[in-house]
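Residue strings, one per chain:
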Amino acid sequence: MADLTTNIGGLTLKNPVMTASGTFGFGLEFADFVDLNEIGGIIVKGTTLHKREGNPYPRLAETPQGMINAVGLQNKGVDYFIEHTNPQLKNLSTEVIVNVAGHSIDDYTACAEKINALDNIHAIELNISCPNVKEGGMSFGTSVPMVEKVVGAVRKVYKKTLIVKLTPNVTDIAEIAKAAEGAGADSVSLINTLMGMAIDAEKRKPIISTITGGLSGACVKPVALRMVWQVAKAVKIPVVGLGGIMNATDAIEFLLAGASAVEIGTANFIDPAITVKVANGINEYLDRHGFKSVKDIIGVI
Amino acid sequence: MKKHIIDFEVSSNEEVGNNAILMKLHCPTPLPEIKPGQFVEVRIDNEPNVFLRRPISINYIDKKANEMWLLVQKVGKGTNKLGTLQKGDTLNCVVPLGNGFDTKAAQGKKVLLVGGGVGVAPMLMLGSTLKEEGTEPTFLLGARTKNMLLEKELFEQTGRLLVTTEDGSLGEKGFVTNHSVLSNEKFDKIYVCGPTPMMKAVAGYAKKAGIDCEVSLENKMACGLGACLCCVTETQEGHKCVCTDGPVFNINELTWQI
C-alpha cells in the first residue's frame, strides 16, 4: 500500500480523490454506494449567502461523451447548510469542503465568513467560475483585476485553506491562476465547466432553458488536462485537477500533469461508487510501478 | 430505502408491440424492497453515443422468479440499445430510486389507475400491490389504436380494465378523460402516469371533482440521486427534484394551471 496522502495548500487529504461540487450533493446522497470516509475530500454543492431557486427546467442536455447543465446554483443558502446539513456531516472522518459562490464580493465574503466559523470544515472552494448565473459567478473569474479583488477580499475573512476554482472560459488560464495565487489563494482547482450549447434540430429550439450551459464529462478531459499542466507550471501553490475523469487512469494522468489532487464530477452520475474505485486504482498503479507515495508521480510531466 | 447498484441478468427481452420491449431481469441476490412507482437508472453499455444512465420506471416485480420487469418504449439511442439485449446479458441498474405512489392513501377507497402509452408501465405494479393490500384496482388505459395498448392481458388479470383508443378500435373512442366511467362512477383516489397533456387533463378532472390525485413525472434526469438538480419541477415550495422528491407528486404540490 503506497502513501496516498497529499496536501492541497495546508490541507492534508488521506488520498487525492475528491468529489466535484454539484455532482455529489452533500455526500449523504451517495452513502448507500460508497464509504464516504474512504474519499479524500467531499466538496459539497455550491452554496450562496441566500437561497437560490436556480434556472428553469430543462437544465440538462446529453452531448457526445458528456452533458451540458444549467442548474444555476440552486441551493438553500449558507444558513440552511449550517443549521441543517452540516450537523449531518460532522461525524465524517474525511475532509468536507464547501464550495462558495456569490453575486457580489460582499456575498462571497459574508458566506466565507460564516463557513470560517465551522470547526469541522477546514477549507472552502471559491467558485468564481459558474457559467450558469446571470451576474456573478464566472464574471469574477475571467479577468485578472476581478480575480484579485474577490480572492483578496475573501482571503481577509477566511483563515483556513482557500481553494479557488477556475473557469476554462478564458484566453489564458495560467494568468488567472497566478492572479489567484498573488491574492492569497492556497490552491487552485480547475476546470469548471466549458461553456457549451445544444440544439434540437427537429424542434429548431435550444435544449436547455438558458440556451447555453456548462459542458462536462469525458469529452472535456483533454482540455482540462492541458490547462492543469499549464497552470501547474505557472504557479507554486498546489493544483487540484478536474474535468472528465471517468476512471483511475484519467485521475493518474491529471496527477502526472501536475495536480496534487483530483475531483470526480460527472462520472458520479454514471457510477455512484466511482470515487473509491479511483482511489483504489491509484493505489494499485503506484504499487504496480513501485512508487512509495503518490507524491512521486505528481507533476512529472 | 437502501439503494443498490446491481448487475441484473436478462431472463428475456421481447418486443411487445408499439415499438416497446418487455425486459425481465433476474436479480442475482434477493431483490431489495421496491415500491410501485419507483424507478431504476440503467447503464447503457457499448453505445458510445449514450453517456448518461437512463431512468426507467419499474413495471412489475415477480417475487417468485426474483425478477424485475421493465417496459420500455424504444424512442432514442439508449432505449434502442436496450432492445438489443439478449437473454444472459447483464444490465447494471441503480435501484430503487424515487418515492413511489402512496398506496396507504388508497385503503378503503375506490381507486382508479390511469395510464397512457408506455406510462401504463408502473400501473401494473401499482395495481397488483393495491390488490395485495385489499384494494380492487380499476385501470383506465389509453392508446392511439388497439395494437398500441401494452400488457392488456396482464392488466385484465390484475383488475378491472377499461380502455379508450383514439380511433375507437378498442374500448371507448377518445381520450381517457372522455371515458364514460368518469361521469358514471365516483372514484375517491386517482393515480396517473403518461404523457404530460394526458396527466394534466386527468389532474384537471380530479381537481374539479375534488378527487385526491397523484401523478408520476418523467423529467430529463442525470444522476437520479438528488445530486445534480437537473430534473427539477416547479412546486408550491419551489424547485424540487423529480428523482428524489418524486417522481410521484400529489397534484396539490405542483403549480400546474389546471
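First, a word on scope: everything that follows refers to the structure included in this document. (Residues numbered from 1 in each chain as written. Chains lettered and ligands numbered in written order. Predicted model: local features only at pLDDT ≥ 70, side-chain atom pairs only at ≥ 80, totals over all residues. Heavy atoms only, no water.)

**A word on the overall build of chain B**
Okay, step 1: The number of helices and strands found in chain B is five helices and 15 strands.
Okay, step 2: Compactness check: chain B gives a C-alpha radius of gyration of 17 Å against a globular reference of 18 Å for 258 residues, within 12% of the reference.
Okay, step 3: Once the C-alpha set of chain B is aligned to its principal axes, its extents read approximately 50 × 40 × 35 Å.
Okay, step 4: Across the 258 residues that make up chain B, the buried fraction comes to 59%.
Okay, step 5: A separation of at least 24 residues holds for 61% of the contacts in chain B among residues at least 6 apart in sequence.
Okay, step 6: With the model as given, the accessible surface of chain B reaches about 10,800 Å², and the carbon-plus-sulfur share is 47%.
Okay, step 7: Positive and negative side-chain charges of chain B, numbering 29 and 30 respectively, have mean locations separated by a distance of 2 Å. (Helix = DSSP H or I, 4+ residues; strand = E, 2+ residues; numbered from the N terminus. Rg over C-alpha atoms; globule rule 2.2 N^0.38 Å. Buried < 20%, exposed > 50% of the residue type's maximum accessible area, 1.4 Å probe, protein only. Contact = heavy atoms within 4.5 Å. Areas by Shrake-Rupley, 256 points an atom, 1.4 Å probe, with all protein chains shown as cover. Lys, Arg positive; Asp, Glu negative; His and termini not counted. Charge placed at Lys NZ, Arg CZ, Asp CG, Glu CD.)

**Let's talk about the pairing of strand 7 (residues 95-100) of chain A**
All names here are of chain A.
Okay, step 1: For strand 7, the tally of buried residues reaches six of six residues, placing the bulk of the element in the interior.
Okay, step 2: Side chains Glu95, Ile97 and Asn99 project from strand 7 onto one buried face, and the interleaved Val96, Val98 and Val100 project onto a second face that is buried too.
Okay, step 3: Where strand 4 (residues 41-47) and strand 7 come together, five bridges link them in parallel fashion. When the sheet's bridge partners are listed, isoleucine 43 is paired in strand 7 with isoleucine 97.
Okay, step 4: Two strands pair when backbone bridges link them, and strand 7 and strand 8 (residues 121-127) are joined in this way by five bridges, in the parallel orientation. By the bridge assignment, asparagine 99 is partnered in strand 8 with glutamate 125.
Okay, step 5: Crossover handedness for the path strand 7 to helix 2 (residues 105-116) to strand 8: right-handed. (Pairing = 2+ DSSP bridges. Right-handed = clockwise from strand over helix to strand, strands pointing away.)

**A look at the side chain of threonine 164 of chain B**
All names here are of chain B.
Okay, step 1: The residue threonine 164 is located in strand 9 (residues 160-165) in this model.
Okay, step 2: You can call threonine 164 buried: its relative accessible area is 1%.
Okay, step 3: A polar atom in the side chain of threonine 164 sits 3.3 Å from the backbone nitrogen of valine 176. (Polar contact = N/O pair within 3.5 Å; in protein donor to acceptor, adjacent residues only side chain to side chain.)

**What to know about the sheet that holds strand 12 (residues 212-216) of chain B**
Residues and elements named next belong to chain B.
Okay, step 1: With respect to topology, seven strands assemble into an open sheet ordered 10-9-8-7-11-12-15, the strand pairing being mixed. The open sheet is flanked by strand 10 (172-173) and strand 15 (248-250), the only strands paired with a single partner.
Okay, step 2: Direction of pairing for strand 9 relative to strand 10: parallel, over a ladder of two bridges. Looking across to strand 10, one finds that threonine 164 is bridged to glutamate 172.
Okay, step 3: Each of strand 7 (111-116), strand 8 (137-143) and strand 11 (189-193) is contacted by helix 2 (residues 121-132), which is oriented at about 165 degrees to strand 7, the strand it contacts most.
Okay, step 4: Contacting strand 7, strand 11 and strand 12, helix 5 (residues 196-209) runs over the sheet at an angle of about 170 degrees to strand 11. (Axes fitted to C-alpha atoms, helices over the stretch in contact; angles between N-to-C directions.)

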